[in-house]
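Below are the chains, spelled out letter by letter.
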Amino acid sequence: MSEQTTPDHPNRAESEAEAADRLLHGSSFGAAAAAYAEHRPGYAEAAVRWTLEPVRDARPTQDGQPVRDGQPVRDGQPVRDGQPVRVADVGAGTGKLTATLIGLGAEVTAVEPDPQMLAELRRTMPEVRSVSGSAEEIPLPDASLDAVLAGQAMHWFDMNRALPEIARVLRPGGMLAGLWNVDDDRVGWVAGLAEMSKRKSSITLTTWRASAAKSRQEQLLGEASDLFSAAEVGEFGHGQTRTADSLLATIGTHSHLLVMEEAERARLLARVGDFLRNQPETAHGEFTLPLVAVGLRVRRR
């Protein structure tokens, strides 16, 4: 459920107005940290596994030996050493992606610039290593990571600065991946919601396929094609149990809503509420919001 606010042409420097808009939207979440933690969806486990597949299947051991099927290989035979994949969740927010990574057994460092979002993550996951930082300034050593992941965050990065910094902390062959939850508007009422809200409620699968995916791939390469391979794209269906009220609360955590004037925000949420309460699929109790976790992954050269 990300919003498309980044420039479409990564080789063109951002104007001051574009940079200011990106910073305004990207820094709007702290005041809604608790609501974000409560209402934003997590990520399909299959999508997160996909982002890590290349490094899980080819991660060197401490003695430099390769890995096959998740186990180190020595002289053609797998041997166990139990090393987890080392991952930074950059722009970790309240830890939605971090939680899935921990569940998959990764060794995770959560990196988050907003102090309120970071405080919420630390409150709910005190056992997770977490640091204040950003994609442009990652407080981790050179070549110390197998993967850098960003959930619902990469579109806020200053890519000209972030890509070289991410390349610095990744080992050769390591993965950079972005994940976004988008609404599946192949479902009729979801398409209707996007249309009546003038697509301010969230990005949809149609928008992703038509323009956002290409823009994200261009951003990932941009000035850094010498650092990363060509991007691979994945899509993974899942869903989130919602009610009309909780979906309204979810929509209220999106940056387009958070930066609106209060009166305009109230009018939009009122229209969305009326719509949801008049659709047979969403009017009565719980329903499933159909989502697709879309991903891009590139390998560090």
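Residues numbered from 1 in each chain as written. Predicted model: local features only at pLDDT ≥ 70, side-chain atom pairs only at ≥ 80, totals over all residues. Heavy atoms only, no water.

(A) Broad picture of the overall build of the chain. On a plain count of helices and strands, the chain comes out with 11 helices and 10 strands. Look at the contacts in the chain between residues 6 or more apart in sequence, and 72% of them connect residues 24 or more apart. In the form shown here, the chain has an accessible surface area of approximately 13200 Å², with 49% of it arising from carbon and sulfur atoms. (Helix = DSSP H or I, 4+ residues; strand = E, 2+ residues; numbered from the N terminus. Contact = heavy atoms within 4.5 Å. Areas by Shrake-Rupley, 256 points an atom, 1.4 Å probe, with all protein chains shown as cover.)

(B) Spotlight on the pattern of salt bridges. Evaluation of the coordinates by the stated rule reveals 12 salt bridges. Where Arg-209 meets Glu-235, a salt bridge forms, and the shortest distance between an N and an O atom there is 2.7 Å. Of the two residues, Arg-209 is situated in helix H8 (residues 205-221) and Glu-235 in strand S9 (residues 232-242); the sequence distance between them amounts to 26 residues. (Salt bridge = Lys/Arg side-chain N within 4 Å of Asp/Glu carboxyl O.)

(C) Structural view of the nonpolar core. The biggest cluster of nonpolar side chains holds 36 residues, and the ones touching the most others in it are Val-148, Phe-157, Ile-166, Leu-176, Leu-220 and Phe-228. Discounting chain neighbours no more than four positions away, the residues touching Ile-166 are Ala-135, Ile-138, Val-148, Phe-157, Leu-176 and Phe-228. The next biggest cluster of nonpolar side chains, apart from the first, holds 21 residues, and it includes Val-48, Leu-97, Ala-177 and Leu-179. (Core = buried A, V, L, I, M, F, W, Y, C linked by side-chain atoms within 4.5 Å. Buried < 20%, exposed > 50% of the residue type's maximum accessible area, 1.4 Å probe, protein only.)

(D) Structural context of the packing of aromatic side chains. The final tally for this structure, using the stated rule, is 3 aromatic pairs. Ring geometry for Trp-180 versus Trp-208: centroids 5.5 Å apart, planes at 40°, classification tilted. Linking Trp-180 in strand S8 (residues 170-183) with Trp-208 in helix H8, this pair joins segments that are 28 residues apart in sequence. For the ring pair Trp-189 and Phe-287, a centre distance of 5.5 Å and an interplane angle of 85° mean the geometry is edge-to-face. Separated by 98 residues along the polypeptide, Trp-189 in helix H7 (residues 188-196) and Phe-287 in strand S10 (residues 287-299) bring together distant segments of the chain. (Phe/Tyr/Trp six-rings, centres within 6.5 Å; stacked < 30°, edge-to-face > 60°.)

(E) Looking closely at helix H11 (residues 262-276). With 15 residues, H11 extends 21 Å between its outermost C-alpha atoms, agreeing within 8% with the 21 Å of an ideal straight helix rising 1.5 Å per residue. Inspection of H11 places Leu-268, Leu-269, Val-272, Gly-273, Phe-275 and Leu-276 among the buried residues, and these make up the whole buried set. Taken around the axis of H11, the buried residues stretch over an arc of 160°, which confines them to a single face. Turning to H11, the residues buried within the fold contact H7, helix H9 (244-251) and helix H10 (255-258). (Expected span 1.5 Å × (residues − 1). Arc of directions from axis to C-beta.)

(F) Focus on the sheet that holds strand S5 (residues 107-112). With mixed pairing, the 7 strands of this open sheet are ordered in space as S6-S5-S4-S7-S8-S10-S9. Looking along the sheet, the strands with just one partner apiece sit at the ends: strand S6 (129-132) and S9. Strand after strand, the sheet turns through a mean of 25° between neighbouring axes, direction not considered. Note that S9 and S10 share 11 bridges and pair antiparallel. Each bridged residue has a counterpart across the sheet, and for Gly-239 the counterpart in S10 is Pro-290. Against the sheet, helix H3 (residues 45-56) touches strand S4 (86-90), strand S7 (145-151), S8, S9 and S10, its axis set at about 165° to S8. Packed on one face of the sheet, H8 meets S8, S9 and S10 and runs near 25° to S10. (Pairing = 2+ DSSP bridges. Axes fitted to C-alpha atoms, helices over the stretch in contact; angles between N-to-C directions.)

(G) Broad picture of helix H6 (residues 159-169). Within H6 the residues assigned to the buried category are Met-159, Ala-162, Leu-163, Glu-165, Ile-166, Ala-167 and Val-169. If you follow the buried residues of H6, they end up packed against S7, S8 and H8.

(H) The side chain of Asp-184, seen in detail. With respect to the helices and strands, Asp-184 occurs in the loop between S8 and H7. Taking relative accessible area as the criterion, Asp-184 reaches 9% and is therefore assigned buried. A distance of 2.8 Å separates polar atoms of two side chains, one belonging to Asp-184 and the other to Arg-186. In contact with Asp-184, not counting residues within four places along its chain, are Val-190, Leu-205, Pro-290, Leu-291 and Val-292. (Polar contact = N/O pair within 3.5 Å; in protein donor to acceptor, adjacent residues only side chain to side chain.)

(I) The arrangement of the side chain of Ser-130 in detail. Relative to the assigned elements, Ser-130 resides in strand S6. Among the residues examined, Ser-130 registers a relative accessible area of 13% and is labelled buried. There is a polar contact of 2.8 Å between the side chain of Ser-130 and the side chain of Arg-122. With residues near it in sequence (within four places) discarded, Ser-130 still touches Ala-110, Leu-118, Leu-121 and Arg-122.

(J) Broad picture of the environment of Gln-240. Along the chain, the position of Gln-240 falls in strand S9. With a relative accessible area of 11%, Gln-240 lands in the buried category. Considering only alpha carbons, one finds Gln-240 and Phe-287, 47 residues apart in sequence, at a separation of 8.3 Å. Aside from chain neighbours lying at most four places away, what touches Gln-240 is His-39, Arg-40, Pro-41, Phe-287, Thr-288, Leu-289 and Leu-291.

These figures come from the coordinates and say nothing about function on their own.
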